[in-house]
Each structure stands twice: as structure tokens, then as C-alpha cells.
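# Per-entry structural report
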Amino acid sequence: MIYRFSLKQFFHRVLTFISCLVIAGLLFGELQLVLLIGAVIVLIWNYRHLLKLINWLWQKNLISPPESSGVWGHIYDGIYRRTQKYRRKQRELNARIREFRDGAEALPDAAVVLDLDYCIRWCNKKATYLLGIRWPFDNGQRITNLVRSPELTHYIGKNDFTLPCSLESPDNEDQQLELRFMPYGDKQYLLLARDVSQLHRVEKMRSDFVANVSHELKTPLTVVRGYMELIQEQTEDFSEQWLRTFSTIEQQVTRMDRLVEQLLILSRVEVNADIEIKAMVNIPEMMNTLIADARILNKDKQHKLLFDVDETLGLKGNESELKSAFANLLVNALNYTPDGGTIKVSWQRVGEHCVYQVSDTGVGIRSEDIPRLTERFYRVDKSRSRDTGGTGLGLAIVKHVAHHHHAQLHIESTLHKGSNFKMEFPAQDCFVIGKSHPKKHIIS
């Protein structure tokens, strides 16, 4: 029965009861005694219903409230409706939790819910196989106590979850895992762990194949080049047509040799990707070499080259990789800028970064092509790349070198107006070489 509480009805009943007590007391001439008896009756009645309420609340097998009328009927009914509403919400919440858990169990990845201290609050069954977590025995344990890995400890210590964390499985050294941390819910993290062993094996096979094939091609190309140079020295024995043929063969061998060299460089960069860099590189001295090479390459096109180099600024890194990346950006500017154009190259500290920048007034790049420039063998204009001797690997090398040195590669370009390539290295990786002032080299 649902009781509708009415304040007017409540006061009417109270006044009626008191009025009856007063009338009875006046009739019997014992007003105080009658009022006392009435108060005792009301107290006993309320105490009786209070005991019923306590008994109902503590007896879990009792669902329906006790039968009553008046104020206690309203109380029972209100508590009962609140309880039913709570139970409905609890059922809905349990259903959603079951849906979440069913979905999490269906995932091919290990899913672990962590609090802000990286302690386990829940995990699916896949986490048992990949991470060795036993649920619910490991509930409340810190993830680094169960997955003992220096890589994971360092990754969590940085508190930067932009990139995934790669590490070996704690139970199987041949199994490679990729971990991602994401903010989840209220003050929680969702850890997703994926088995990427097959991807790593395929990538290693591909890398080994490219490196091995490149090494194997190096020897026959050297032999062919040697014979071609020997043949070209005997110019009097061949006609003009044969000499042109030999020149074309030499050009193609040179192009093939350049491609193999780029593949070898790219393979070395990939192999060294996980090796921490500690060497001190004298960037100004390296830039002097690039300037000398630029003078030679610029003889035919007669570009105006501007070099702005801070001769006090060095960088921690791999010298051969940095030289390859810097040279690739400069050579691209030389190749894709029409004769007489302007190319600016700078190495300066700008704010919280050390920046290597190459700007040109060349042909430019369409905006839709810019995101794909760092893909291997991707060429915006295949015919133009063949004319300039491009391999399609230069910017791929630059991207890998930048990633290896924790740098960012930014590309800006406007079609038919020019391009700007910029590598931003963290300032903490830079060091001061000497006290000389920056110099600006101008080659016109």
C-alpha cells in the first residue's frame, strides 16, 4: 500500500487526539492523568513501530515493509521505495559492470585498471597470460612489483604516456609486449598490453633482409663500376654511341649504389634505435664539412646559400646519423630548388630547443603530400626524382634519426614558393663548445 503524506492531515489527527484527551480529562476531572496516559500510549505505539522498523531493516529476507497506517505507514513506504530504487540502480550498475567485464574479457589484449599509484584494481584473464597477474590475489599490488622491468619503471617514472612502452614478457623472454597507459574514469589508468612478438619478428626479418641484400649488392656494384671505369678509360677503342651507352650504365650504377648506401644507413639507424646516445658531437665542425660539400654541389646551379651556424653549440648524439640527416635535408634543397634560388641553413638554439633548419625557394610541396614525405620510397614526382637521382629514402632516414635523438621533424611548404624543414632537438641534449661568437657564412 502506498501512503500519500499530507501535512494538513497529520496536524488534524494530532489535534483530534489531543482534543479527545482533553475532553476525557475534563469529563473525569483528571486532566493531567488522562494526558499522561495518552502520552504513554503514544510512546508505546511509536516504540513498537520503531522495533518493527529495526527488525525489518536487519532481516535481509524481509522485502515488504510492515503493515501500518498514519505516520509510520508513510515512513515504511518511503524507506521501501528508496530501497527499491537503490536495488534497481544496483541491478543496472551490476549489468553495466558485467557488460564491461564481458567486453574486457573479449579483448585480445590484456586490460588492467590501475589507480593513480599504479596499483591493480581489476584485470581480465588475458593479463594472467601476458603479465602474470593473478586475480583477485594480486588486487592492490603495484604493477611494477609484479611486472619487474627497468623499462616499465623508467616509463612510469617519466609520466609521459604519449608513446607505448615496449618490453619483454616477465614469463617468456621470447615474447615482446607493447604497453599503453590511458587516463580512465575518475583518477584511474587503463593499461592495455599487447603481444607484438610476431610484428617484431616480421620487422626484424624485413630489416635483416634489407641489410643483407644491401650488403650483397654492394660487392657486384663495386665490380661493375670498376669495369665501367676501366672501359671508359679506353675511349679510342669505342664509337661515340658505345661511349654514351657506357655513360648511361655508369649513371645507373651510381644511382643504384646511392640507393644501396641509403638502405644501409637506414638499416643502421633502425638497429641503433634502442641504443642510448652519449657521444658529444661538434655540430659546427660537421657543418663546415657540409658547407664544403655544398660549394661543390652548387657549382652548376649557382644557388645563393646562407649558413647561420652557432659555433658554440654542440649536440649529444650519433655523429654519422646526424651528418646523414643534415646532409639529406641540404641536398634535397639543392636538388629541388631551381637555378639561382636561395637556400638558408641554420643551427641555433631557439627557446627550449636546438634547431637545425633548411629553407629554400624551390618548387614546394602540395599540402596533401606532406604527411607522406617520410615514408620509404615515397616520391611526390617520380619523374623529377629520377632526374635528381633521388632514392625516396632521404626523409625516411631523417625521420628515424630525429626519433632516435628525441627530436621533432617539422615540414612546412607552399607549392611553387618553397619549403622549410626543421629538426628540433631538446635543449638538455645540447652543450657549449667554446666562447666564440656565432658566425654567418654566405656563399653566393
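Residues numbered from 1 in each chain as written. Predicted model: local features only at pLDDT ≥ 70, side-chain atom pairs only at ≥ 80, totals over all residues. Heavy atoms only, no water.

Locating Asp-360 in the fold gives a position in strand β10 (residues 353–360). Within the local environment of Asp-360, its side chain forms a polar contact with the backbone nitrogen of Gly-362, the two atoms lying 2.9 Å apart. Non-local contacts of Asp-360, meaning those with residues more than four positions away in its chain, are made with Ala-333, Thr-337, Thr-342, Ile-343, Lys-417, Gly-418 and Ser-419. (Helix = DSSP H or I, 4+ residues; strand = E, 2+ residues; numbered from the N terminus. Polar contact = N/O pair within 3.5 Å; in protein donor to acceptor, adjacent residues only side chain to side chain. Contact = heavy atoms within 4.5 Å.)

Turning next to the packing of aromatic side chains. Considering all chains together, one arrives at 11 aromatic pairs under this definition. Taking 5.3 Å as the distance between ring centres and 5° as the angle between the ring planes, the aromatic pair formed by Tyr-118 and Tyr-189 counts as stacked. Here the residue Tyr-118 occupies a position in the loop between β1 (110–115) and β2 (120–123), and Tyr-189 occupies one in strand β5 (residues 188–195), the gap between them amounting to 71 residues. In this structure, Tyr-118 and Tyr-189 share a single accessibility class: buried. Residues Phe-326 and Trp-347 carry aromatic rings whose centres are separated by 6.1 Å and whose planes lie at 50° to one another, so their mutual orientation is tilted. (Phe/Tyr/Trp six-rings, centres within 6.5 Å; stacked < 30°, edge-to-face > 60°. Buried < 20%, exposed > 50% of the residue type's maximum accessible area, 1.4 Å probe, protein only.)

Here we come to the environment of Gln-262. Residue position: Gln-262 is located in helix α8 (residues 240–271). When the C-alpha atoms of Gln-262 and Gly-394 are compared, they prove to be 7.3 Å apart, with 132 residues separating the residues in sequence.

Spatial ordering of the open sheet is given by β6-β8-β13, a layout of three strands whose pairing is antiparallel. This sheet does not close on itself; its edge strands, each paired only once, are β6 (280–281) and β13 (430–432). With two bridges joining them, β6 and strand β8 (residues 313–316) adopt antiparallel strand pairing. Opposite Met-280, over in β8, you have Lys-316 as the bridge partner. (Pairing = 2+ DSSP bridges.)

Attention now goes to the packing of helix α10 (residues 319–335) against helix α12 (residues 394–404). Between two packed helices, the angle of one axis relative to the other and the distance separating the axes together describe the packing. Orientation of α10 relative to α12, taken along the N-to-C sense of each, is 140°, at an axis distance of 9 Å. Classified by the interaxial angle, the pair formed by α10 and α12 is oblique. Once α10 is placed against α12, the crossing between them reads as left-handed. Contact residues: Glu-321, Leu-322, Ser-324, Ala-325, Asn-328, Leu-329 and Asn-332 in α10; Gly-394, Leu-395, Ile-397, Val-398, Val-401 and His-404 in α12. Residues that form the contact of α10 with α12 fall into these classes: seven nonpolar, five polar and one charged. (Axes fitted to C-alpha atoms, helices over the stretch in contact; angles between N-to-C directions. Parallel < 35°, antiparallel > 145°, perpendicular 65-115°, else oblique. Left-handed = near helix turned anticlockwise from the far one by under 90°. Nonpolar A, V, L, I, M, F, W, Y, C, P; charged D, E, K, R; others polar.)

Moving on, we come to unusual backbone geometry. Following Trp-135, the chain continues to Pro-136 via a peptide bond in cis, the omega torsion being 5°. Summarising the element assignment, Pro-136 is placed in the loop between α4 (126–131) and α5 (143–146). Phi angles above zero are rare outside glycine, and Gln-302 is one such case at about 55°. Mapping Gln-302 onto the fold places it in the loop between α9 (283–297) and β7 (304–309). With relative accessibility at 47%, the residue Gln-302 sits in the partly exposed group. At His-416, a residue that is not glycine, the phi angle is positive and equals roughly 70°. Mapped onto the fold, His-416 is located in the loop between β11 (408–414) and β12 (418–426). Relative accessible area serves as the criterion here: at 67%, His-416 is assigned to the exposed category.

Purely spatial values, then, with no claim about function.
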